[in-house]
Amino acid sequence: MKDKRLLRINLFILIITAVLSLTAKLIDIDKIGVSGVVVGGFLAFAYFFALSILISRAFANASTEGIETKDAGRLGLKLLILTFSLTIITIVVILTHVCQPFGFLIGFSALFGAIAFETMVFLVFSKPPIETDDENEEN
């Protein structure tokens, strides 16, 4: 996985999970629970990390026309299996009472928080596009 943004999102998921876990520990509400936040954050990290690797490998050798139809079918099947397995793991974790559902949701929200945070970082710190000569002639 060569894309630094994907690596930063994975890192942000872990950081946000740690912060949410510490906050859940400090607040100490029975309906949330620290274990739920940790399990939810870990599953969010595992899912996004696996998704990042899968997508990076799929498009590493892609041409300008995209990926081949046969490879696209394999990619779709792998994505389906990855998503289905995460769903099964989530159901098992919740039904076996390994953690509280609210805590799990709070921990899993680290995924969305990390994506939002990386988007804000990109928008704030990215360089504006360089104007070309063709754009200057039109004005």
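In the block above lies the structure referred to throughout.
Presented here is a report on the structure given in the accompanying data block. (Residues numbered from 1 in each chain as written. Predicted model: local features only at pLDDT ≥ 70, side-chain atom pairs only at ≥ 80, totals over all residues. Heavy atoms only, no water.)

Moving on: a nonpolar patch on the surface. Judged by side-chain polarity, L11, I15 and V19 come together as a nonpolar surface patch covering roughly 260 Å² of accessible area. Mapping V19 onto the fold places it in helix α1 (residues 4-27). Its relative accessible area of 46% is what places V19 among the partly exposed residues. (Patch = residues over 30% accessible without salt bridge, like charges linked within 9 Å, V, L, I, M, F, W, Y side chains within 5 Å. Areas by Shrake-Rupley, 256 points an atom, 1.4 Å probe, with all protein chains shown as cover. Salt bridge = Lys/Arg side-chain N within 4 Å of Asp/Glu carboxyl O. Helix = DSSP H or I, 4+ residues; strand = E, 2+ residues; numbered from the N terminus. Buried < 20%, exposed > 50% of the residue type's maximum accessible area, 1.4 Å probe, protein only.)

Another point: the packing of aromatic side chains. Throughout the structure, instances matching the rule amount to 4 aromatic pairs. A ring pair is formed by F45 and F49, whose centres lie 5.7 Å apart and whose planes are at 20 degrees; its orientation type is stacked. One end of the pair is F45 and the other is F49, both in helix α2 (residues 34-58) and 4 residues apart, which spans about a single turn. Ring centres 6.0 Å apart and planes at 20 degrees place the aromatic pair F104 and F108 in the stacked group. Taken together, the positions of F104 and F108, both in helix α4 (residues 101-108) and 4 residues apart, correspond to about one turn of that helix. Assigned by exposure class, F104 and F108 land together as buried. (Phe/Tyr/Trp six-rings, centres within 6.5 Å; stacked < 30°, edge-to-face > 60°.)

Right, let's talk about the nonpolar core for a bit. I13, F48, F104, F108 and L111 are the most contacted members of the largest nonpolar core, which totals 18 residues. Mapped onto this core, the elements with two or more residues apiece are α1, α2, α3 (69-95), α4 and α5 (110-125). Ranked by the residues each element gives to this core, the list is headed by α2, at 5 residues. Beyond its immediate stretch of four places on either side in the chain, L111 contacts I13, A44 and F48. (Core = buried A, V, L, I, M, F, W, Y, C linked by side-chain atoms within 4.5 Å. Contact = heavy atoms within 4.5 Å.)

Before going further, it helps to spend a moment on unusual backbone geometry. Glycine aside, a negative phi is what most residues show, and trans is what most peptide bonds show. Although it is not a glycine, H97 adopts a positive phi angle of roughly 60 degrees. With respect to the secondary-structure elements, H97 resides in the loop between α3 and α4.

Let us look at the pattern of salt bridges. All told, the structure shown has 1 salt bridge when counted by the stated rule. E118 is the salt-bridge partner of R8, the closest N and O atoms lying 2.8 Å from each other. Linking R8 in helix α1 with E118 in helix α5, this pair joins segments that are 110 residues apart in sequence. Assessed through its relative accessible area of 33%, R8 is described here as partly exposed. Judged by relative accessible area, E118 falls into the buried class, the value being 4%.

Take it as geometry only, folks, not as evidence of what the structure does.
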